[in-house]
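Observations on chain architecture
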Amino acid sequence: MPCSHPPTKRCKLDAGVNADMQQWYVDSIPMDDQNVLLSTLETQPRAERVVRQQALLSAGYEGLRLPVSVLLDNVRSMYNVGAFFRVADGVGLEKLYLTGITAHPPKGAIAKTALGAENVVAWEHDWEAIHIVEKLHSNGFEIAAIETSSHSVDLFEWQPKFPLCVLFGNEVDGLQPKLLEMADTHVRIPMLGQKTSLNVATASGIVLYELLRKYCMVTMGAK
């Protein structure tokens, strides 16, 4: 289901926020919803607040599933893997492919950053990333490598084709050369400072939420 209003109307919530942040949240949403939100934050038990927050955060996106999968190629940090699960849950990702040395649940370090998302996001482990990419490509998926190269496109200028599989590589070495060759597109994240890279899990949040925004625009335009 397409987005019913622009992302700028969204209200970010977190359990246990302080008074100043509560006011910022309230000011960011339509007036009609403010009394309900204040009542939720001030009087309801935590479990009920979580249910209310979920409803507010997903409003306008009901039934939407992002037709995107992610493949992690030899990601060494279990904390990063857990963060991928968390982002995957947030955007409604189709599936996570954990390949090579990338750890998979159940692992305590993954659970520490995934916070339960590892129990609700579909995932698969395979030692050979190339086999998975070949299969996805044959099934009509565009393959996009998050990599800075001479022919990479800027993330915000990229026009992805859905369904899509996004490849993220090792924290030090990046993606293996064969996967880079197999990718239909190389995508780079703009970096305006002195550093030339981001933590891989941080990069995933930027890329996947930009894909969610683009997918919403595509589905809205089709109506």
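Note: the structure precedes this text.
Residues numbered from 1 in each chain as written. Predicted model: local features only at pLDDT ≥ 70, side-chain atom pairs only at ≥ 80, totals over all residues. Heavy atoms only, no water.

Take the packing of aromatic side chains next. The description of an aromatic ring pair uses the distance of the two centres, along with the angle that the planes make with each other. Evaluation of the coordinates by the stated rule reveals 2 aromatic pairs. Geometrically, the ring pair formed by phenylalanine 84 and phenylalanine 168 is edge-to-face, given 5.2 Å between the ring centres and 70 degrees between the ring planes. Placement of the pair is phenylalanine 84 in helix α4 (residues 78–91) and phenylalanine 168 in strand β6 (residues 164–168), with a sequence separation of 84 residues. For phenylalanine 168, a relative accessible area of 2% gives the class buried. (Phe/Tyr/Trp six-rings, centres within 6.5 Å; stacked < 30°, edge-to-face > 60°. Helix = DSSP H or I, 4+ residues; strand = E, 2+ residues; numbered from the N terminus. Buried < 20%, exposed > 50% of the residue type's maximum accessible area, 1.4 Å probe, protein only.)

Among the nonpolar cores identified, the biggest contains 39 residues, and Val70, Phe85, Leu96, Val166 and Phe168 are the most heavily contacted of them. For this core, the secondary-structure elements that each account for two or more residues are β1 (68–73), α4, β2 (95–99), α5 (108–114), β4 (142–146), β6 and α8 (200–221). Among the elements that take part in this core, α8 stands out by supplying 9 residues, more than any other. If we ignore the near neighbours within four places in the chain, the residues touching leucine 96 are Val70, Phe84, Phe85, Ala88, Val121, Ala122, Trp123 and Glu124. Within the second largest apolar cluster, 17 residues are counted, among which are Tyr97, Ile132, Leu167 and Ala183. (Core = buried A, V, L, I, M, F, W, Y, C linked by side-chain atoms within 4.5 Å. Contact = heavy atoms within 4.5 Å.)

What follows deals with the side chain of asparagine 170. Within the secondary structure layout, asparagine 170 lies in the loop between β6 and α7 (177–182). Judged by relative accessible area, asparagine 170 falls into the buried class, the value being 14%. Within the structure, the side chain of asparagine 170 is placed 2.9 Å from the backbone nitrogen of aspartate 173, a separation counted as a polar contact. (Polar contact = N/O pair within 3.5 Å; in protein donor to acceptor, adjacent residues only side chain to side chain.)

Time to look at the sheet that holds β4. With parallel pairing, the 7 strands of this open sheet are ordered in space as β3-β2-β1-β6-β4-β7-β5. The open sheet has two free edges, formed respectively by β3 (123–126) and β5 (153–154), since each of these has just one partner strand. Relative to β2, β1 is paired through 5 bridges, and the arrangement is parallel. Paired with aspartate 73 across the two strands is threonine 99, which belongs to β2. (Pairing = 2+ DSSP bridges.)

Taken together, the side chains of Phe156, Met191, Leu198 and Ile206 make up a nonpolar region of the molecular surface, amounting to roughly 310 Å² of accessible area. Mapped onto the elements of the fold, methionine 191 is located in the loop between β7 (185–188) and α8. Judged by relative accessible area, which is 31%, methionine 191 ranks as partly exposed. (Patch = residues over 30% accessible without salt bridge, like charges linked within 9 Å, V, L, I, M, F, W, Y side chains within 5 Å. Areas by Shrake-Rupley, 256 points an atom, 1.4 Å probe, with all protein chains shown as cover. Salt bridge = Lys/Arg side-chain N within 4 Å of Asp/Glu carboxyl O.)

For β4, a buried count of 5 out of 5 residues is recorded, marking the element as mostly surrounded by other parts of the structure. Here β4 shows no split at all, with Glu142, Ala144 and Ile146 on one side and Ile143 and Ala145 on the other all buried. Summarising the sheet, β4 and β6 pair through 4 bridges and their orientation is parallel. Looking across to β6, one finds that isoleucine 143 is bridged to cysteine 165. The pairing of β4 with β7 spans 3 bridges and is classified as parallel. Counterpart to alanine 145 in the pairing with β7 is histidine 186.

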